[in-house]
Amino acid sequence: MVCIFVSRDTFPEILYKKLAEVGEVRAYPYGKPAWLTAGIPKDALKRAAAECDAMVVFVGDVVDREVLSSARNLKIISTVSVGYDHIDVAEARRRGIVVTNTPEVLVDATADLAVGLLLALVRRIVEGDRLIREGKAYDIWGALIGSDIRGKRAGIVGLGNLGTAIARRLLAFGAEVVYWSRTRKPQVEFALGIRYLPLDELLSTSDFVIVSVALTPETRHLMNWERFSKMKRGAYFVNVARGPVVDTEALLRALREGILAGAALDVYEVEPLPHTHELVGMPNVVLTPHIGSAALETRIKMAEVAAENVVRFFRGERPLYVVE
């Protein structure tokens, strides 16, 4: 009998039902909402790696070299996420363990959030909400002046599925959309009527910069001080990719020095972001707790895809999404 470990007993029911088609499911008693990013203890992960044929994990569950050193019969790790930086993929590959993820199904939800964050930032929605609640809004009536999106240049850093979805939405708002990506996308350029720019030119000419690039060794701290210092003064910055794509200290400096008019972030180098962090006290910064995919329908579909990857593997088929 195939043993399948699931790192939470609170995922949508469809995940456990589908996995049960090919094996015995052992769910860790998480005792909290499934989508919290707090991982389970490393000992539990090591035990699962030692005893089971498959592991289904979430972004907070760190499957590193130490965990994988316990693996005896482990054949597949399926993460209920698009990102897989919490898994040592190279070590898994060395041991012949397949790693799968759940891209594409969360694209629309994350693209919606990216545009929502931009709107909240440039129209100062969060500031206005706070002032209403504090009874101060009408003391500064008319002073919450923001920016239009129509007619402005929006630069997208990373034009994968997510970047393309964000581009479509921004075009609908009347923005001029340009992009930089490690691989140029002429078909998307033609279909959407958008332009490729070198990264430095994009940063220096864009009114809004939205980061949606995947986290790799090459993109870690892609947005460093050198790049922030080249941004158009008064620009707005949004990150819905991964926290380590941005050097947080460099971002703080750009905000302090007025290079940026504001920033909106859904992801951070350290998660959860401490409530005492300097970013929290900045009125021109909008913060959300890594909720890009946090739409109920999307999360259910992610769980279903993660299970389907495992089911297909044990039926001798190729999983839907294999991390190459």
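Residues numbered from 1 in each chain as written. Predicted model: local features only at pLDDT ≥ 70, side-chain atom pairs only at ≥ 80, totals over all residues. Heavy atoms only, no water.

1. Overview of the nonpolar core
Among the nonpolar cores identified, the biggest contains 33 residues, and V211, F228, M231, F237 and L251 are the most heavily contacted of them. Sorting the residues of this core by element identifies β7 (176–180), α9 (199–205), β9 (208–211), β10 (235–239), α11 (248–256) and β11 (260–265) as the ones contributing at least two each. Listed in part, the 31 residues of the second largest apolar core include V122, A154, L170 and V286. (Core = buried A, V, L, I, M, F, W, Y, C linked by side-chain atoms within 4.5 Å. Buried < 20%, exposed > 50% of the residue type's maximum accessible area, 1.4 Å probe, protein only. Helix = DSSP H or I, 4+ residues; strand = E, 2+ residues; numbered from the N terminus.)

2. Points about the state of the cysteines
Throughout the structure, instances matching the rule amount to one disulfide. A sulfur-sulfur separation of 2.1 Å characterises the disulfide bridge that pairs C3 with C52. One end of the pair, C3, is in strand β1 (residues 3–6); the other, C52, is in the loop between α2 (42–51) and β3 (54–57), with 49 residues separating them in the sequence. Each member of the pair, C3 together with C52, is buried. (Disulfide = S-S within 2.5 Å.)

3. Thoughts on the domain arrangement of the protein
Often, the extent of an interface is quoted as the loss of accessible area upon association of its parts. Looking at the protein, the domain boundaries give domain 1 (2–101 + 295–315) and domain 2 (106–287). On a C-alpha basis, the centroid separation for the pair domain 1 and domain 2 is 32 Å. Each side of the interface is counted separately: domain 1 has seven residues, and domain 2 has four residues. Carbon and sulfur atoms supply 65% of the area that domain 1 and domain 2 bury against each other, a total of about 530 Å² over both sides. Taken as a group, V82, D85 and T298 account for 58% of the area that domain 1 buries against domain 2, more than any other trio of residues on that side. If you look at where domain 1 meets domain 2, you find one salt bridge. A salt bridge links R242 to D85, with the nearest nitrogen and oxygen atoms 3.2 Å apart. Taken together, domain 1 and domain 2 are joined by one residue pair in polar contact (both at pLDDT 80 or more). (Domains from an automatic or database assignment. Contact = heavy atoms within 4.5 Å. Buried area = accessible area lost by both parts, 1.4 Å probe. Salt bridge = Lys/Arg side-chain N within 4 Å of Asp/Glu carboxyl O. Polar contact = N/O pair within 3.5 Å; in protein donor to acceptor, adjacent residues only side chain to side chain.)

4. Section: the sheet that holds strand β4 (residues 76–79)
With respect to topology, five strands assemble into an open sheet ordered β2-β1-β3-β4-β5, the strand pairing being parallel. Across the chains shown, the open sheet's two edge strands, defined by having one partner strand only, are β2 (24–27) and β5 (98–100). The mean angle between the axes of side-by-side strands here comes to 15 degrees, regardless of whether they run parallel or antiparallel. Sheet contacts for helix α12 (residues 296–314): β1, β3, β4 and β5; angle to β4, the most-contacted strand, approximately 160 degrees. (Pairing = 2+ DSSP bridges. Axes fitted to C-alpha atoms, helices over the stretch in contact; angles between N-to-C directions.)

5. Side note on the packing of aromatic side chains
Taken as a whole, this structure holds seven aromatic pairs when the rule is applied. On the numbers, 5.5 Å between centres and 75 degrees between planes, the contact of Y179 with Y196 is edge-to-face. Highlighted residues: Y179 in strand β7 and Y196 in strand β8 (residues 195–196), separated in sequence by 17 residues. One aromatic cluster is present, built from ring pairs that chain together F11, W35 and F58. The residue whose ring lies beneath R8 is Y30, and the NZ or CZ to ring-centre distance is 4.1 Å. Sitting over the face of the ring of Y30, K32 holds its NZ or CZ atom 4.7 Å from the ring centroid. (Phe/Tyr/Trp six-rings, centres within 6.5 Å; stacked < 30°, edge-to-face > 60°. Lys NZ or Arg CZ within 6 Å of the ring centre and 35° of its normal.)

6. Side note on the environment of E304
Inspection of the secondary structure puts E304 in helix α12. Here E304 falls in the partly exposed class, since its relative accessible area comes to 23%. Remark: the alpha-carbon pair of E304 and Y16, spanning 288 residues in sequence, is separated by 9.1 Å. When sequence neighbours within four positions are dropped, the list of residues in contact with E304 reads I14 and K18.

7. Looking at the pairing of β9
Residues F208 and I210 point to one face of β9 and V209 and V211 to the other, with burial holding for every one of them. Pairing of β9 with β10, which is carried by four bridges, proceeds in the parallel orientation. Paired with F208 across the strands is Y236, a residue of β10.

8. Details of the packing of helix α5 (residues 107–122) against helix α7 (residues 161–172)
Relative to each other, α5 and α7 sit at 50 degrees, their axes nearing to 9 Å. One element, α5, and the other, α7, form an angle in the oblique class. Seen along the crossing, α5 lies across α7 with a hand that is right-handed. Of the residues in α7, those touching α5 at V107, D108, T110, A111, D112, A114, V115 and L118 are N161, L162, A165, I166, R169 and L170. Of the residues that constitute the contact of α5 with α7, the class distribution is nine nonpolar, two polar and three charged. (Parallel < 35°, antiparallel > 145°, perpendicular 65-115°, else oblique. Left-handed = near helix turned anticlockwise from the far one by under 90°. Nonpolar A, V, L, I, M, F, W, Y, C, P; charged D, E, K, R; others polar.)

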